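This is what each chain is made of:
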Amino acid sequence: MKKIHFTKMQGCGNDYIYVNTMLYDIPEPSAAAIRWSDRHKGIGSDGLVLIGKSPIPEADYSMRIFNADGSEARMCGNASRCIGKYLFEQTHPWLLPVSEGNGYQETRIRLLTKSGIKTLFLHISNDVVESVTVDMGEPVFEDETLYVPSRNLRQGTFVSMGNPHFVIFTDDVDQVSEEGLALEYYPSFPQRCNIEFARIVSDETADHTTIRTRVWERGSGITQACGTGACATAVAAAKVGLAGRQSQIVMDGGTLSIEWRESDNHVYMTGPAEFVFEGEIELGD
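Cut-offs and rules
Residues numbered from 1 in each chain as written. Predicted model: local features only at pLDDT ≥ 70, side-chain atom pairs only at ≥ 80, totals over all residues. Heavy atoms only, no water. Helix = DSSP H or I, 4+ residues; strand = E, 2+ residues; numbered from the N terminus. Buried < 20%, exposed > 50% of the residue type's maximum accessible area, 1.4 Å probe, protein only. Contact = heavy atoms within 4.5 Å. Areas by Shrake-Rupley, 256 points an atom, 1.4 Å probe, with all protein chains shown as cover. Phe/Tyr/Trp six-rings, centres within 6.5 Å; stacked < 30°, edge-to-face > 60°. Pairing = 2+ DSSP bridges. Polar contact = N/O pair within 3.5 Å; in protein donor to acceptor, adjacent residues only side chain to side chain.

Q: So, the overall build of the chain: which residues are in play, and what are the values?
A: Along its length, the chain carries four helices and 19 strands. Residues classed as buried in the chain amount to 55% of the 285 residues present. Intrachain contacts of the chain at a sequence separation of at least 6 include 59% that bridge at least 24 residues. On the chain, roughly 12400 Å² of surface is accessible, and the fraction owed to carbon and sulfur atoms is 46%.

Q: Give me the packing of aromatic side chains: which residues, what numbers.
A: All chains considered together, the criterion is met by four aromatic pairs. Relative to Trp260, the ring of Phe141 has its centre 5.8 Å away and its plane inclined at 50°; by these criteria the two rings are tilted. On the criterion of sequence distance, the pair formed by Phe141 in strand E10 (residues 140-147) and Trp260 in strand E17 (residues 254-260) is long-range, its members being 119 residues apart. Judged by its relative accessible area of 11%, Trp260 is buried. One aromatic cluster is present, formed by Phe158, Phe166 and Phe189 through successive ring pairs.

Q: Explain the pairing of strand E14 (residues 208-217) to me, using residue names and the numbers behind them.
A: Two faces belong to every sheet, and in a regular strand the side chains alternate between them. For E14, the buried fraction is high: eight of the ten residues fall into the buried class. One ladder, built from four bridges, connects E14 with strand E16 (residues 246-251); its direction is parallel. The residue bridging Thr209 from the neighbouring strand is Ser247, located in E16. Pairing between E14 and strand E15 (residues 221-223): three bridges, direction antiparallel. Looking across to E15, one finds that Trp216 is bridged to Ile222. Linking two consecutive strands that pair antiparallel, namely E14 and E15, is a turn of three residues; a positive phi of about 90° is found at Gly219 within it.

Q: Hey, could you go over the environment of Met1 for me, with residue numbers and the actual values?
A: Mapped onto the elements, Met1 comes out in the segment before strand E1 (3-11). Along the backbone, Met1 and Leu283 are 282 residues apart, and their C-alpha atoms lie at a distance of 7.1 Å.

Q: Outline the side chain of Ser247, supporting the account with residue identities and numerical values.
A: Mapped onto the elements of the fold, Ser247 is located in strand E16. Take Ser247: its relative accessible area is 2%, and that puts it in the buried class. The contacts of Ser247, once residues within four sequence positions are left out, are Thr209, Ile211, Ala234, Leu256, Ser257 and Ile258.

Q: Could you give me a rundown of the environment of Arg214, with the residues and numbers involved?
A: In this structure, Arg214 sits in strand E14. In this structure, the C-alpha to C-alpha distance between Arg214 and Gln175, residues 39 residues apart in sequence, is 8.9 Å. A distance of 3.1 Å separates a polar atom in the side chain of Arg214 from a polar atom in the side chain of Asp252.

Q: So what's going on with the pairing of strand E9 (residues 128-135)? Which residues, and what values?
A: Of all eight residues in E9, six are buried; the element is thus mostly enclosed. Note that strand E8 (residues 116-125) and E9 share seven bridges and pair antiparallel. Paired with Leu122 across the two strands is Val132, which belongs to E9. Here E8 folds back onto E9 in antiparallel fashion, the turn holding two residues, of which Asn126 has a positive phi close to 55°. Here four bridges tie E9 to strand E18 (residues 267-271), and the two strands are oriented antiparallel to one another. Each residue of the ladder has a partner; that of Val134, found in E18, is Met269.

Q: Can you explain unusual backbone geometry? Please cite residues and give values.
A: Phi is positive for Cys12, close to 55°, though the residue is something other than glycine. Here Cys12 lies in the loop between E1 and strand E2 (14-20). For Cys12, a relative accessible area of 6% gives the class buried. The phi angle at Arg192 is positive, at roughly 65°, despite the residue not being glycine. Tracing the backbone shows Arg192 in the loop between helix H3 (176-184) and strand E13 (194-205).

Set out below in structure tokens:
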């Protein structure tokens, strides 16, 4: 039976299994994601990420991501950062130098995702990727008001960051464990939705706000962090007047820095990426 080499990586606790499809073919990725993501009988993860060569010249590499339930996601910010670190430190691919200063070299990778091309800016010191900034593109808004049977009238902000998010500002972010699943499948979201419960911690200055956020990821349940969810939370807070253009999003697994720039209306996410372990698994297991 064919063996597949995998790498386990995490960004703020959002952990995925990464396979380089330039070396290994995964013919049934949905089934593999379900088997391998099982935390008792498999490797254990929030899902499976496939790294490949881009089929178009506008991008350098491609990403496909499958949640723990086998459904395919359009985009994942934490996974994108991990891919940047993987490509540089494991394969040292072609990279385009951008700038150098303060002891850091910055290089750039164009990553093709189901929600378009995302640019990764790798911040490197001594051949180690210390952090990655991802240009997540422009947010798309749609206001929704939902009635949750177990609660009173619930209002939030719908934000698409290439995948759908519904952000609810509340003093009790732990409600996510009780209401996340019901909201994911709520009739207003025919394609299901990622759910964030967020609380403003501080707004000491007009352009920097700390926001505590917990997330229920579509297809994976509660996760330690969600890159697109952090972006959605930051821009939702700015849109409703609770924050400025820069926020620190504190999630269960760590903190992400988000900037929604006025100059291009793009959202930029900066955070860490780390290797956990690597190994081999039989494709049919």
